[in-house]
Amino acid sequence: MIRTVSTTPYGDQKPGTSGLRKKVPVFQQQNYAENFIQSVFDALEGFAGKTLVVGGDGRFYNREVIQKVIAMAVANGFGRVVVGQGGILSTPAASNLIRKRKAFGGLILSASHNPGGPHEDFGIKYNAENGGPAPEKLTDAIYARSKVITSYKIADVGQVDLDHTGTFEVGGIKVEIVDPVADYAALMETLFDFDALRALFKSGFRMRFDAMHAVTGPYAKEILERRLGAAEGTARNFVPLEDFGGHHPDPNLVHAKELYDEMMGPNAPDFGAASDGDGDRNLIIGRGIFVTPSDSLAMLAANAHLAPGYKAGLKGIARSMPTSGAADRVAEKLGIGMYETPTGWKFFGNLLDAGMATICGEESAGTGSDHVREKDGLWAVLLWLNILAVRGESAKEIAAKHWVTYGRNYYSRHDYEEVETDRANALVDALRAKLGSLPGTSVRGMKIASADDFAYNDPVDGSVSKNQGIRILFEGGSRVVFRLSGTGTSGATLRVYIERYEPDPARHGLDTQAALADLIKAAEDIAGIRSHTGRDKPSVIT
Ligand code: VG1
Ligand code: CO
């Protein structure tokens, strides 16, 4: 039976950088998830009889919301729902399934790197038929709908068994439970030289992969250990837990510190990596070297042709604005296009669909390619492995040679988390107000060449996205960028991105924070971070 349930709108269902993210108790309010799901369906057209893909990163509340999605998909007229077994689908695997099944779209349930549990975070994101995150036009329409919604439709179908694969009839439509790993692993086999990787592991190559108790565990076990023959124990923390073991599934130097320490220690494995809650991020640490995500993007782009899936070369590279310019130098050398987009994967979709870019990346540990329309953590790890296998060199050697060829972009991000929202906004407002007066002035002996609030003109559909981050560019190519996070769920997070280009190989061995010390002080002088936020140091440095 299909019921129309009356409801009242919540005013706070505006999707952020990557979907709607809130604390679990917010999502557990009466009709909260239903309102948002119905708002998504109401903002779409033409899905009658078509396929919807659903899955999530396994965090607390995942199963409950999947049941709601199935019941509402039945009531709203979808023809088929494809669900990852156990409710599990990594974000890139969901993107792949949407594309492979020619689905109308998909709902991905995740708050990514944010912690999970009854009092932590949950999230819902809609991806369109290209497998990529809904563009701004659609997320705006979803939000607008959520503010005026008066009812939603739901079918009484009882609890659907999510744990056994197969196709079932539910409320007159088909519900198909699929192995979350199989299609994804098959796609990886088409892109990378699995024989070469098997030979690499057979020769004694040792690796650690930290799944952080999140969604990539089953993927890493299957691909790295079973298919590629890496030693058992290569994948760590590989059982997805509803609360990620109480940790932040955020693959950075703070939350993956154990991995970092192991990779820097004596008798370190050859290669280390980690992924986040929903499997779209990657952290790369070679023996004795942390590779910043911005550098990783550049190094992957420079070497991608060594993997079978990219042997024809790249069409172009895209990076988010705060990501360092290291990849720009690679694009220049390769003579291919370079695109600078706002933060968030949704801005890469058009470039990938139009065949203008092949590889994309963000400083926040996200890298991906046109194989799906999301960033992809394990993909990046496999591309690194393929490059290591072909070159027969360590990550450290590859990085050092890369810097000799292209110069080194010292890069760091300083996050000030859970700042009072009003104070964070005041900092940004004050910065904006003085942007016009900054060019030509000097701070700490460095002359400001330009200062603006980044706006993006999408070269494919002509849409314009304003206020995407304040950037202060210094003569010589150094810069600091300020923006507020769009994924947090309490207070505001100020992100300060700091970058300095160093062409001289004799100066490529510096400590990153030391190499950036002047710029870090300049950022404070320009923005008054201490006085505005009341903090004397960042909460997280990556
Ligand atoms: C952050 C990152 C951004 C990334 C986004 C989603 O956004 O900075 O690069 O695309 O998270 O990634 P923000 O607005 O908090 O800076 V994920 O892995 O959380 O889906
Ligand atoms: Co993520």
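Just so it is clear, the model here is predicted, and its values are computed rather than measured.

With that settled, the discussion passes to the overall build of the protein. For the protein, the helix and strand inventory stands at 18 helices and 27 strands. Relative to the compact-globule value of 24 Å for 542 residues, the protein shows a C-alpha radius of gyration of 23 Å, a close match. Taken along the three principal axes of its C-alpha coordinates, the protein extends 70 × 60 × 40 Å. Burial status across the protein gives 58% buried among its 542 residues. At a minimum sequence separation of 6, the contacts of the protein that also span at least 24 residues come to 72%. Accessible surface, the protein as shown: approximately 20,100 Å² in total, 48% of it carbon and sulfur. Here the protein holds 60 positive side-chain charges and 66 negative ones, and the gap between their average locations is 2 Å.

A separate point is the sheet that holds strand β4 (residues 80–88). Read from one edge to the other, the open sheet built from 7 strands follows the order β2-β6-β5-β3-β4-β9-β8, with strand pairing classed as mixed. Looking at strand neighbours, the two that pair on one side only are β2 (20–23) and β8 (166–170), the edges of this open sheet. Along the sheet, successive strands turn relative to each other by an average axial angle of 20 degrees, direction set aside. Contacts from helix α3 (residues 62–76) reach β3 (51–56), β4, β5 (105–109), β6 (121–127), β8 and β9 (173–178) within the one sheet, and its direction differs from that of β4 by about 170 degrees.

So, about the packing of aromatic side chains. Inspection of the entire model under this criterion finds 14 aromatic pairs. Between F27 and Y32 the ring centres are 5.4 Å apart and the planes differ by 80 degrees, which places this aromatic pair in the edge-to-face class. Across this residue pair, the class does not change: F27 and Y32 are buried. Ring geometry for Y310 and W379: centres 6.2 Å apart, planes at 80 degrees, overall edge-to-face. Placement of Y310 in the loop between α10 (293–303) and β15 (316–320) and of W379 in helix α13 (residues 377–391) is noted, with a sequence separation of 69 residues between them. Here Y310 and W379 have matching classes, each one buried. An aromatic cluster of at least three residues, connected via ring pairs, comprises Y10, F27, Y32, Y61 and F122. Cation over ring: K221 sits above F238, and NZ or CZ is 4.1 Å from the ring centre. Between the NZ or CZ atom of R329 and the centre of the ring of Y501, over which it lies, the distance is 3.4 Å.

Neighbouring ligand 1 are 20 residues; T17, S112, S364, T487 and R495 lie closest to it. S112 has a polar side-chain atom sitting 2.5 Å from an oxygen atom of ligand 1. Note that an oxygen atom of ligand 1 is positioned 2.6 Å from one of the side-chain N or O atoms of S485. For the shell around ligand 1, the per-class residue count stands at no nonpolar, 10 polar and 10 charged.

It is worth spelling out the coordination of the cobalt ion (ligand 2) at this point. Only S112 (OG), D276 (OD), D278 (OD) and D280 (OD) from the protein coordinate the cobalt ion (ligand 2), and they sit 2.0 to 2.1 Å from it. Spacing between the donor residues of the cobalt ion (ligand 2) along their common chain follows S-x163-D-x1-D-x1-D. Placement of the pair is S112 in the loop between β5 and β6 and D280 in the loop between β12 (271–275) and β13 (282–286), with a sequence separation of 168 residues. With a relative accessible area of 2%, S112 lands in the buried category.

Here helix α2 (residues 32–43) contains 12 residues, and its C-alpha end-to-end distance of 17 Å stays within 8% of the 16 Å for a straight helix at 1.5 Å per residue. Among the 12 residues that make up α2, 10 are buried, leaving the element largely enclosed by the rest of the structure. Within α2, the full set of buried residues consists of Y32, A33, E34, N35, F36, I37, Q38, S39, V40 and F41.

Of all residues except glycine, most have a negative phi; of all peptide bonds, most are trans. With a phi close to 65 degrees, N31 is a non-glycine residue in the positive phi region. Its place among the elements puts N31 in the loop between α1 (24–27) and α2. Overall, the relative accessible area of 12% leaves N31 in the buried class. Positive phi values are uncommon outside glycine, yet M212 reaches one of about 55 degrees. With respect to the helices and strands, the residue M212 is situated in the loop between β10 (207–210) and α8 (216–227).

Of note, E34 is situated in helix α2. Using a relative accessible area of 9% as the deciding quantity, one classes E34 as buried.

This part takes up the environment of L283. Mapped onto the fold, L283 is located in strand β13. On the accessibility criterion, L283 (3% relative accessible area) is buried. For the pair L283 and Y260, spaced 23 residues apart in sequence, the C-alpha separation works out to 9.8 Å. For L283, the residues in contact, after removing those within four places along its chain, are P251, N252, A256, L259, G272, A273, A274 and F290.

This part takes up the UniProt feature "domain: Alpha-D-phosphohexomutase alpha/beta/alpha" (unreviewed entry) in the protein. According to UniProt, the "domain: Alpha-D-phosphohexomutase alpha/beta/alpha" (unreviewed entry) feature falls on residues 13–151, 184–285 and 294–406. Taken end to end, residues 13–151 is 37% helix and 23% strand, and its first and last C-alpha atoms sit 15 Å apart.

We note that the domain assignment places domain 1 (2–180), domain 2 (184–406) and domain 3 (408–541) within the protein. If you average the C-alpha positions of domain 1 and of domain 3, the two centres end up 35 Å apart. Taken together, the contact pairs 10 residues of domain 1 with 7 residues of domain 3. At the boundary of domain 1 with domain 3, total buried surface from both sides reaches about 580 Å², with 40% on carbon and sulfur atoms. Summed over the three residues of domain 1 that lose the most area to domain 3, namely T17, R21 and E136, the buried surface amounts to 56% of that side. Here domain 1 and domain 3 share 5 residue pairs in polar contact (both at pLDDT 80 or more) between them.

On to the packing of α2 against helix α5 (residues 136–146), then. When two helices pack together, their arrangement is captured by the angle between the axes and the distance separating the axes. Across the interface, α2 lies against α5 with an axial gap of 8 Å and an inter-helix angle of 125 degrees. On the basis of the axis angle, α2 is oblique to α5. Pair α2 / α5 crosses with right-handed handedness. Taken together, the residues of α5 that come into contact with α2 (itself represented by F36, S39, V40, D42 and A43) are L138, A141, I142, R145 and S146. Among the residues making up the contact of α2 with α5, the classes are represented as 6 nonpolar, 2 polar and 2 charged.

Thresholds applied
Residues numbered from 1 in each chain as written. Chains lettered and ligands numbered in written order. Predicted model: local features only at pLDDT ≥ 70, side-chain atom pairs only at ≥ 80, totals over all residues. Heavy atoms only, no water. Helix = DSSP H or I, 4+ residues; strand = E, 2+ residues; numbered from the N terminus. Rg over C-alpha atoms; globule rule 2.2 N^0.38 Å. Buried < 20%, exposed > 50% of the residue type's maximum accessible area, 1.4 Å probe, protein only. Contact = heavy atoms within 4.5 Å. Areas by Shrake-Rupley, 256 points an atom, 1.4 Å probe, with all protein chains shown as cover. Lys, Arg positive; Asp, Glu negative; His and termini not counted. Charge placed at Lys NZ, Arg CZ, Asp CG, Glu CD. Pairing = 2+ DSSP bridges. Axes fitted to C-alpha atoms, helices over the stretch in contact; angles between N-to-C directions. Phe/Tyr/Trp six-rings, centres within 6.5 Å; stacked < 30°, edge-to-face > 60°. Lys NZ or Arg CZ within 6 Å of the ring centre and 35° of its normal. Near = heavy atom within 4 Å. Polar contact = N/O pair within 3.5 Å; in protein donor to acceptor, adjacent residues only side chain to side chain. Nonpolar A, V, L, I, M, F, W, Y, C, P; charged D, E, K, R; others polar. Donors = N, O, S within 2.8 Å, 3.2 Å for Na, K, Ca; no water. Expected span 1.5 Å × (residues − 1). UniProt positions renumbered as here; feature names shortened; annotations may be inferred. Domains from an automatic or database assignment. Buried area = accessible area lost by both parts, 1.4 Å probe. Parallel < 35°, antiparallel > 145°, perpendicular 65-115°, else oblique. Left-handed = near helix turned anticlockwise from the far one by under 90°.

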